[in-house]
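# Results of the structural survey
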Amino acid sequence: MAEFSKHPLVVDGKITSLPFHELTSWSQFEKLVCEFVQVHERLSPCHRYGSPGQAQGGIDIAGLSEGGQWSAFQVKHVAQFTEADTKKALDLFLSGPRPYAATRLVIVTSCKTTRAQVRDLVHHYQAQHPDLLLEFWDGEHLTSHLRIQPRIVARYFGDHVARRFCDADSLEAFSRAGRRGEVGCLVRDADPIGLEVHEAISVDEVTDPDQPALPTYFRRSFDDELDALVNMALAGNSGMKVLLADSSTGKTRAAWEAIQRLGKEWRLWHPADQEDLLASLGAVRPRTVVWLNEINRYLLCDGSDRNEHVAARLTELLRDPHRAPVLVLGTTWHVHWATMTTAPADERAKTRALLFRCALPVPERFSNDEVAALLDMDRPTDRRMLKAAREAEGGHVIQYLAGGPAQLERYANGSPTSQAILHAAMDARRLGHGMDLPPGFLRSAATSYLTTLQRDLAEHDWFSRALQYLSTPCRGVRGPLAPVRGFSTNGAENPSSYRLADYVELHGRRNRQFLCPENDFWEAATEQAASARDKVALSRAALERGRETHAEALALAAAQDGDGAALTHLAGWIRENRKGEDPHVYYELAAELGDVTAQIALASRAEEEGQLEKSEHWYRKAVDRDGRRWDAVVGLASVTSQLGDTARAVELYNQALDGGFFGARAVEYQARWLADQGQHELALILTKYSFNAGNTEAFAGLAWTYMYKDTSRAIQVFRFAMDAGDINAPRELAWVLEREGDCDGADRFCEIAVRLGETNTLRGLGMIRRSKGNYQSASALFWRAYNLGLTYVLLELARLREEEGNLRRAEKLYWRAIEEGQPSAAHDLVRILEIRGKVRLAEQLAADSKELVEPLARARAARGEYESAEQLLLKAIAQGRSNLLLPLARIREQRGDVAGAEIMLRRAQDAGIPDAAQRLAELQGDKQE
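These lines cover the structure that appears in this document, whether it is placed above or below. Every value quoted in this text rests on a predicted model; they were computed, and no experiment measured them.

## Comments concerning the sheet that holds strand β6 (residues 185-186)
With respect to topology, six strands assemble into an open sheet ordered β6-β8-β9-β10-β7-β11, the strand pairing being mixed. Looking at which strands have only one partner, the edges of the open sheet turn out to be β6 and β11 (359-361). Two elements, strand β9 (residues 288-292) and strand β10 (residues 326-332), share five bridges in a ladder whose sense is parallel. By the bridge assignment, Thr288 is partnered in β10 with Val326.

Next up, the structure:
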């Protein structure tokens, strides 16, 4: 919305009503109504009541007025609403428990107008119940009041609709608010249920009208760290935390409780999706909470470049002193955190930088002391919390509150057909499909999980029966697979999609990670996945599991729906793994669909082949599509320069340099390419510009392009860098000169670097001398670095002692490194303990960390104890650590068990472990030879 004021503030008479029928789901219409009544009726609190599939007594939304009276709203996203529908809705409310003792019911429909018979019926019921207030709103009513709510209209229908529909005065006020950064709402007006805090189980069959929607909050130790973050914000500093745990552990509720301490002027903004975040992030101003529940929905979408752009924008927000204080609060599961933070060095760099030191682990279970405190009857405790504390197994109190065990019990006791549907849903979600699963896809995919006999014995209505069983509420929360209501032209509320309960989804991720679906699943996905985005994600999953034919079919299906990202990914895979095959046709198809990465790939190839006009065409397309793809901007500058338009090339280079660090890095990469082409002077000029724009590694990047090919030129670059003020240059020069045998020169530049604060120069120089066998000098350099505060150099000292053969001294140094805050030393220590025969001590050390199982197994295999090594890995794999399948395969291959290695690699491929398919192909190739 930040760009709203750039457009004329007019009302286009062509839009006289809002297109409610274009909203994609009943849930979206309900959210719109909830947001509207909260503002229009001044209700606080105001929240969605219950969850999809749950018996709700005819209430979808509940809100408290300023006068202390509760209103209930029943929402119907239909094209027609008849007298019979009205009677059913009113009877349901009047005969129900009336949560919160509501004295007012409003039936809200998306119908354009209301039949006179319907209004007469409402008046008739009103006369019979004078103690209640009964109202009926239709699309016409909503339209008349939404004209002065451009924020809501823009959020659900887009800026262009808001500009042509809303009043000019309201638009002007909205634009002023946008310029002041008033995104979101006041924290005190926010709805925790709308922010995706889980509702709790019901203790009794009948809902207590006086019972709050959320149980009493119980503080745990990690809340102190959230308090510290809030204190920092109250002191005027921006900060970010991501609460890290799996499903139903209290992450979102903890974040909600923490922000209740913020002042009354603080606002909360919950972006609907990645698009919404990017559209309005620039309007965020001081004292705003950016609420990113399930932050992976913003940082793990289809386009990796767009994800990185989101991370960069969030980083800018947190670093901007003019917008402080800002709080960014997110939550995510472990599996998504691992994906976001453990990518290769050249992937998701901005995301990793954003999330560095932001994780706040939330324990899955309550400790015994915490459970005892909950059961302490001397203090008032919510009845739901007491029930969970008494009955939850193993301290899983929050999961019990969210109904997780009941959902899994429903799954375990289900028929083969209901389990098949859930397996299809579980696999679809863990392989990348979005939350909303179409029934057609579920039905087609589920057949692949049934045996031939089970399919033959299934009744004709097996699918509808199974869905009814799975969607029935469990202990007051939704069933394992609940419907998401969709728009219906005949008034019937037939679910257009289903959503898997997140606790059941987590169960599937943990217990089905080694399984790859059969062909019918992939074929159903190709034909009936919900969207192009879902097909893109599933195409990548198929490719990771060696299902190349299905990956191609899904990519082409996504392309037919207008998304070329999967084709680009497939083309990149072919280029890396099938050296004799040209993926050009896939790049072309994706580029024509507007995929920026494909456009850049075509442009780069054309430039290399000397087809400058064609290259310019594709670079320009990419820049027009995404002006922040600095590699495209720089590529266009390069081609423009070669075509003779130097002035335009300079403009483009400056545009990239003005884009911050990542634009400057793109210019550096261009300089490296020019150096490879022999254009050394221009390469140096661009490198200097990149350095001046904030890329402190620019000169080092250019110099190392020359290293091993033209070392003297690399040294010249470093000397030029020193004159330009690069404090990294003396460090790099010391290392280069040492490699070239100029020890005196290395010592001289090392001293210059240390005086500039670059103490790591000592460590690097010591490592080079250690590699040459000069242990005495290397040891002296390491100890000097340690005394200057570089504690992690203890690892290099320990490795030096290893090379000298002094294992006892090496062991002591590794222990010392761990004590001084270097946990990575444990990997080497486990290996040394094994070598020295301290097997029990090595096992005790490995028991404290999952990360030490692999080095311990490797050490045992190195000693020839293959059986023991395999047992260690197999035990960890059985606990869900599928990544250990690769080292297990390697150990089996080492001992000559090629067939066993192949089995492990096939399992790893089915689990989607990176490099498993390539390793399997290599192993099979070696076997054939």
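Anyway, onward from the coordinates.
## Notes on the packing of aromatic side chains
By the definition in use, this model includes 14 aromatic pairs. A centroid spacing of 5.6 Å and a plane angle of 75° characterise the contact between Trp462 and Phe463, whose relative ring orientation is edge-to-face. Given the relative accessible area of 8%, Phe463 is considered buried. Members of the aromatic cluster, each reached through a chain of ring pairs, are Phe20, Phe29 and Phe157. Directly above the ring of Phe165 sits Arg147, whose terminal nitrogen or CZ lies 4.3 Å from the centroid. Between Arg907 and the ring centre of Phe514, over which it is positioned, the NZ or CZ distance is 4.8 Å.

## So, the pairing of β10
The buried fraction of β10 amounts to seven of the seven residues, a majority that puts the element mostly inside the structure. Side chains of β10 alternate between two faces, with Val326, Val328, Gly330 and Thr332 and Leu327, Leu329 and Thr331 buried alike. Strand direction decides the pairing type here: strand β7 (residues 239-244) and β10, joined by six bridges, are parallel. Considered in β10, the bridge of Val242 is made with Gly330.

## Structural notes on the packing of helix α41 (residues 794-804) against helix α42 (residues 807-819)
Two numbers describe how α41 lies on α42: the axes approach to 8 Å, and their chain directions differ by 165°. The orientation of α41 with respect to α42, classified from their angle, is roughly antiparallel. The handedness of the crossing between α41 and α42 is left-handed. In this structure, α41 contributes Leu794, Leu795, Leu797, Ala798, Arg799, Arg801 and Glu802 to the contact, and α42 contributes Leu807, Arg809, Ala810, Leu813, Tyr814, Arg816 and Ala817. Looking at side-chain class alone, the contact of α41 with α42 contains nine nonpolar, no polar and five charged residues.

## Focus: the packing of helix α28 (residues 584-592) against helix α29 (residues 596-608)
Where α28 contacts α29, the two axes come as close as 8 Å, and the packing angle between them is 125°. Considering the angle they form, α28 stands oblique to α29. Regarding α28 and α29, the two cross each other, and that crossing is left-handed. For the pair formed by α28 and α29, the contact residues are His584, Tyr587, Glu588, Ala590 and Ala591 on the first element and Ala598, Gln599, Ala601, Leu602 and Arg605 on the second. Considered class by class, the residues forming the contact of α28 with α29 number six nonpolar, two polar and two charged.

## Quick look at the sheet that holds strand β2 (residues 61-64)
Within a sheet, adjacent strands bond to each other through the backbone by hydrogen bonds, running parallel or antiparallel. Strands sit in the order β1-β2-β3-β4-β5 across an open sheet of five strands; the sheet is mixed. Both outer strands of the open sheet, β1 (46-48) and β5 (133-137), are each paired with one neighbouring strand and no more. Between one strand axis and the next, the sheet turns by 15° as a mean value, whatever way the strands run. The pairing of β1 with β2 spans three bridges and is antiparallel. The residue bridging Cys46 from the neighbouring strand is Gly63, located in β2.

## Quick notes on the pattern of salt bridges
Tallying each qualifying case throughout the model produces 64 salt bridges. One salt bridge in this structure joins Lys87 and Asp91, with 3.0 Å as the shortest N-O distance. Of this pair, Lys87 and Asp91 are both found in helix α2 (residues 83-95), four residues apart, which corresponds to roughly one turn of the helix. Put simply, Arg895 and Glu870 hold a salt bridge, and the shortest N to O gap is 3.0 Å. Placement of the pair is Arg895 in the loop between α47 (885-894) and α48 (898-910) and Glu870 in helix α46 (residues 866-878), with a sequence separation of 25 residues. Note on Glu870: relative accessible area 6%, which makes it buried.

## Comments concerning helix α43 (residues 825-835)
Of all eleven residues making up α43, eight are buried, and the element is well covered by its neighbours. Listed as buried for α43 are Ala825, Ala826, Asp828, Leu829, Val830, Ile832, Leu833 and Glu834. Buried residues along α43 sit against α41, α42, α44 (839-847) and α45 (853-862). One or two steps after α43, the chain reaches Gly837, where phi turns positive at roughly 85°.

## A few points about the nonpolar core
The biggest cluster of nonpolar side chains holds 137 residues, and the ones touching the most others in it are Ile421, Phe441, Leu442, Leu481 and Trp522. Not counting the four nearest positions on each side in its chain, Phe441 is found in contact with Ala428, Phe521, Ala524, Ala525 and Gln528. In terms of nonpolar packing, the next biggest core, distinct from the first, is built from 30 residues, Val33, Cys34, Trp137 and Cys166 among them.

## Brief notes about unusual backbone geometry
Cis geometry marks the peptide bond from Ala324 to Pro325; its omega dihedral reads 0°. Structurally, Pro325 can be placed in the loop between α12 (304-319) and β10. Positioned with a positive phi, Tyr708 is a non-glycine residue whose angle comes to about 70°. By secondary structure assignment, the location of Tyr708 is in the loop between α35 (698-706) and α36 (711-723). Although it is not a glycine, Asp915 adopts a positive phi angle of roughly 75°. Assignment of secondary structure puts Asp915 in the loop between α48 and α49 (916-928).

The rules behind these values
- Residues numbered from 1 in each chain as written.
- Predicted model: local features only at pLDDT ≥ 70, side-chain atom pairs only at ≥ 80, totals over all residues.
- Heavy atoms only, no water.
- Pairing = 2+ DSSP bridges.
- Helix = DSSP H or I, 4+ residues; strand = E, 2+ residues; numbered from the N terminus.
- Phe/Tyr/Trp six-rings, centres within 6.5 Å; stacked < 30°, edge-to-face > 60°.
- Buried < 20%, exposed > 50% of the residue type's maximum accessible area, 1.4 Å probe, protein only.
- Lys NZ or Arg CZ within 6 Å of the ring centre and 35° of its normal.
- Axes fitted to C-alpha atoms, helices over the stretch in contact; angles between N-to-C directions.
- Parallel < 35°, antiparallel > 145°, perpendicular 65-115°, else oblique.
- Left-handed = near helix turned anticlockwise from the far one by under 90°.
- Contact = heavy atoms within 4.5 Å.
- Nonpolar A, V, L, I, M, F, W, Y, C, P; charged D, E, K, R; others polar.
- Salt bridge = Lys/Arg side-chain N within 4 Å of Asp/Glu carboxyl O.
- Core = buried A, V, L, I, M, F, W, Y, C linked by side-chain atoms within 4.5 Å.

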